[in-house]
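# Breakdown of the fold
Chain by chain, the residues run as shown.
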Amino acid sequence: GAELKHFSSSSDFSVDEDHCDVIFERPTIVIKLDAAVNMFHHFCDFINLYASQHINGSIFDTDVDIVWWDTFSGGFVDHYFKPVWSAFSRHNPVELIALDGKRVCFRKALLPLLARQRYGMYYNMPITDGCSGSGLLHAFTHHLLHRLQVPQHGPMMDKVRVTILSRSTVHRRIMNEQELLTRLQSIDGIEARIVDYNGKMPFLEQVESTHNTDVFIGMHGSGLTHLLFLPDWAAIFEIYNCEDESCYYDLARLRGVRYKTWSNMSLLKQHGEGRHPTNGSPHAKFTDYSFDVDEFERIVTQLVSYVKRHPQFVEARRKLRRKQGGIKQEL
């Protein structure tokens, strides 16, 4: 809101070439962004934009323009997450720097809910104890999956798909992730793999990978925001929350997927003291960890059992069984 305090109304203003250097003829979304390099914070933008379309009574037409209200002098191009904007507009978003020094007019404009605000939607949201399964977040997820044409290839008939999210970062790495993977691969009924959602893997490929996962495992970090795209029957295992207990627990509750995290600290090993790079104080987010393999297996198998009992997973397998039976009859 601070940017708008310098604006004033004018009774004799009109949208024409005499008053405007640039005129946006299409309905235009003028959106102020959160920290868009981070998936958790950037999805504050997308969720609040989606909610604003409902509040505004929009028809969710993609024949709209989007102006990124970002005042960084070098511009803003959204390298990592730009494909998500296509769920909202068929036109390329306009950077604010491209309009520098020009008088800009809009026929119709929408300023969405701010992404980062006190008691805001998704970020800093106060959630009632016991509340889970937000219809808004469920609808948002399926809206994006539909608009971005992300396919679901499962479930598998005889296995549950388990994905471990690796971190190619300085801190919060799972030091024995290969050992954990080997243990999962030895269990009947589990198909396990490791992925690294770094900048080399296109974002839509990451989303498709997550959407085709039944149990998603990872250390605390913005990559866990991918839990939004898990199937409705899925579960997430934040293997360690690094003492930030509510962040992804709350997001998983809102999304409506089962959540687990590590609780027995005696079966977790911290590698290095872990100190904040700015003030030097002890901090759990700035070191690496390894995990007891047996305890890891126990938690994962609990989540696998949850998935296998989930009514939507059972129904999806039933449909797959019918489909396979029909193919055999045709043959």
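Residues numbered from 1 in each chain as written. Predicted model: local features only at pLDDT ≥ 70, side-chain atom pairs only at ≥ 80, totals over all residues. Heavy atoms only, no water.

An unreviewed UniProt entry annotates the protein chain as EGF domain-specific O-linked N-acetylglucosamine transferase originating from Pristionchus fissidentatus.

### A closer look at the packing of helix H1 (residues 39-56) against helix H2 (residues 135-147)
Helix-helix packing is characterised by the crossing angle of the two axes and by the distance between the axes. Going by this rule: Whenever a helix is involved, its axis is fitted only over the stretch in contact; in every case the axis is a line through C-alpha atoms, and angles between N-to-C directions fall within 0 to 180 degrees. Here a helix means four or more residues in a row that DSSP labels H or I, a strand means two or more in a row labelled E, and each is numbered from the N terminus. These descriptions rest on fixed angle ranges, namely under 35 degrees for roughly parallel, over 145 for roughly antiparallel, 65 to 115 for roughly perpendicular, and the rest for oblique. Contact criterion: two residues are considered in contact whenever any of their non-hydrogen atoms come within 4.5 Å of each other. Ten residues, namely Ala, Val, Leu, Ile, Met, Phe, Trp, Tyr, Cys and Pro, are considered nonpolar, four, namely Asp, Glu, Lys and Arg, are considered charged, and the remaining ones, Gly among them, are considered polar.
It is at 11 Å that the axes of H1 and H2 come closest, and there the two elements cross at 100 degrees. In terms of orientation, H1 lies roughly perpendicular with respect to H2. On H2, the residues touching Phe43, Phe46, Ile47, Tyr50, Ala51 and His54 of H1 are Leu136, Leu137, Ala139, Phe140, His143 and Leu144. Classifying every residue of the contact of H1 with H2 by side-chain character gives 10 nonpolar, 2 polar and no charged.

### Section: the environment of Arg298
Put simply, the rule is: We define a polar contact as two N or O atoms separated by no more than 3.5 Å, with the added condition that, inside protein, one atom must be a possible hydrogen donor and the other a possible acceptor, whereas residues neighbouring each other in sequence contribute only through side-chain atom pairs.
Mapped onto the elements of the fold, Arg298 is located in helix H6 (residues 293-309). Within polar-contact distance, the side chain of Arg298 engages the side chain of Glu295 at 2.8 Å.

### What to know about the state of the cysteines
Formally: Two cysteine sulfurs form a disulfide in these notes if their separation is within 2.5 Å. Accessibility here uses a 1.4 Å probe with only protein chains present; expressed as a share of the type maximum, an area under 20% marks a residue as buried, one over 50% as exposed, and anything in between as partly exposed.
The full count for this structure, using the stated rule, is 1 disulfide. Between the sulfur atoms of Cys20 and its disulfide mate Cys105 the distance is 1.9 Å. Looking along the S-S bond of the Cys20-Cys105 disulfide, the torsion reads about -85 degrees, which is the left-handed sense. Taken together, the residues Cys20 in the segment before strand S1 (22-24) and Cys105 in strand S5 (residues 104-106) connect sequence positions 85 residues apart. The pair formed by Cys20 and Cys105 is uniform in burial state, with each residue classed as buried. This cysteine, Cys44, is not joined by any disulfide, and Cys247 carries the nearest cysteine sulfur, 9.2 Å off.

### Remarks on the packing of aromatic side chains
Short version of the rule: In this analysis, rings of Phe, Tyr and Trp, with Trp reduced to its six-membered ring, are considered paired at centre separations within 6.5 Å, and the interplanar angle assigns stacked below 30 degrees, edge-to-face beyond 60, and tilted for intermediate values.
Tallying each qualifying case throughout the model produces 23 aromatic pairs. Summarising the aromatic geometry, the rings of Phe40 and Tyr248 are spaced 5.6 Å apart at their centres and angled 75 degrees between planes, so their arrangement reads as edge-to-face. With Phe40 in helix H1 and Tyr248 in helix H5 (residues 247-255), this pair connects stretches of sequence that are 208 residues apart. By the burial criterion, Phe40 is buried, and Tyr248 matches it.

### Regarding the pattern of salt bridges
Rules: The salt bridge definition used is simple: a Lys or Arg side-chain nitrogen within 4 Å of an Asp or Glu carboxyl oxygen.
All chains considered together, the criterion is met by 16 salt bridges. The closest approach of N and O atoms between Arg161 and Asp214, which form a salt bridge, is 2.9 Å. Here Arg161, found in strand S7 (residues 160-165), pairs with Asp214, found in the loop between helix H4 (203-211) and strand S9 (215-218); they are 53 residues apart in sequence, far enough to count as distant. Arg255 is the salt-bridge partner of Asp232, the closest N and O atoms lying 2.7 Å from each other. With Asp232 in the loop between S9 and strand S10 (235-238) and Arg255 in helix H5, this residue pair connects regions lying 23 residues apart in the sequence. Pair check on accessibility: Asp232 and Arg255 agree, each one buried. Linked by salt bridges that have partners in common, Arg26, Asp63 and Asp65 make up one network.

### Focus: the pairing of S9
Our working definition: Pairing between strands is defined by DSSP: at least two bridges between them are needed.
Burial along S9 is two-sided: Val215 and Ile217 facing one way and Phe216 and Gly218 facing the other are all buried. Summarising the sheet, S9 and S10 pair through 4 bridges and their orientation is parallel. Bridging across to S10, Gly218 finds its partner in Glu238.

### Topic: unusual backbone geometry
Following Gly154, the chain continues to Pro155 via a peptide bond in cis, the omega torsion being 5 degrees. Positionally, Pro155 belongs in the loop between H2 and S7. At Cys242, a position not held by glycine, the phi torsion is positive, near 55 degrees. One can find Cys242 in the loop between S10 and H5. Residue Glu243 is not a glycine yet carries a positive backbone phi of 70 degrees. Given the relative accessible area of 62%, Glu243 is considered exposed.

### Notes on the UniProt feature "domain: Glycosyltransferase 61 catalytic" (unreviewed entry) in the protein chain
The condition that has to hold: UniProt positions are given in the numbering used here, feature names are shortened, and annotations may be inferred rather than shown by experiment.
Using the residue numbers shown here, the UniProt feature "domain: Glycosyltransferase 61 catalytic" (unreviewed entry) corresponds to residues 151-236. Secondary structure over residues 151-236 splits into 21% helix and 21% strand, and the C-alpha atoms at its two ends are 20 Å apart.

### What about the sheet that holds S10?
The 5 strands are arranged S8-S7-S9-S10-S11 in an open sheet whose pairing can be described as parallel. Every interior strand has two partners, whereas the edge strands, strand S8 (190-195) and strand S11 (258-261), have only one. Taken pair by pair, the neighbouring strands of this sheet meet at an average axis angle of 20 degrees, ignoring direction. In the sheet, S10 pairs with S11 via 4 bridges, with the strands oriented parallel. When the sheet's bridge partners are listed, Ile236 is paired in S11 with Tyr259. Lying on the sheet, H6 is in contact with S7, S8, S9, S10 and S11; it crosses S10 at an angle near 165 degrees.

### Some remarks on the side chain of Ser209
Relative to the assigned elements, Ser209 resides in helix H4. By relative accessible area, which is 8% here, Ser209 ends up buried. Looking at Ser209, its side chain comes within polar contact range of the side chain of Arg193, at 2.9 Å. Ignoring anything within four residues of it in the chain, the contact list for Ser209 reads Arg193, Val195, Tyr197 and Met201.

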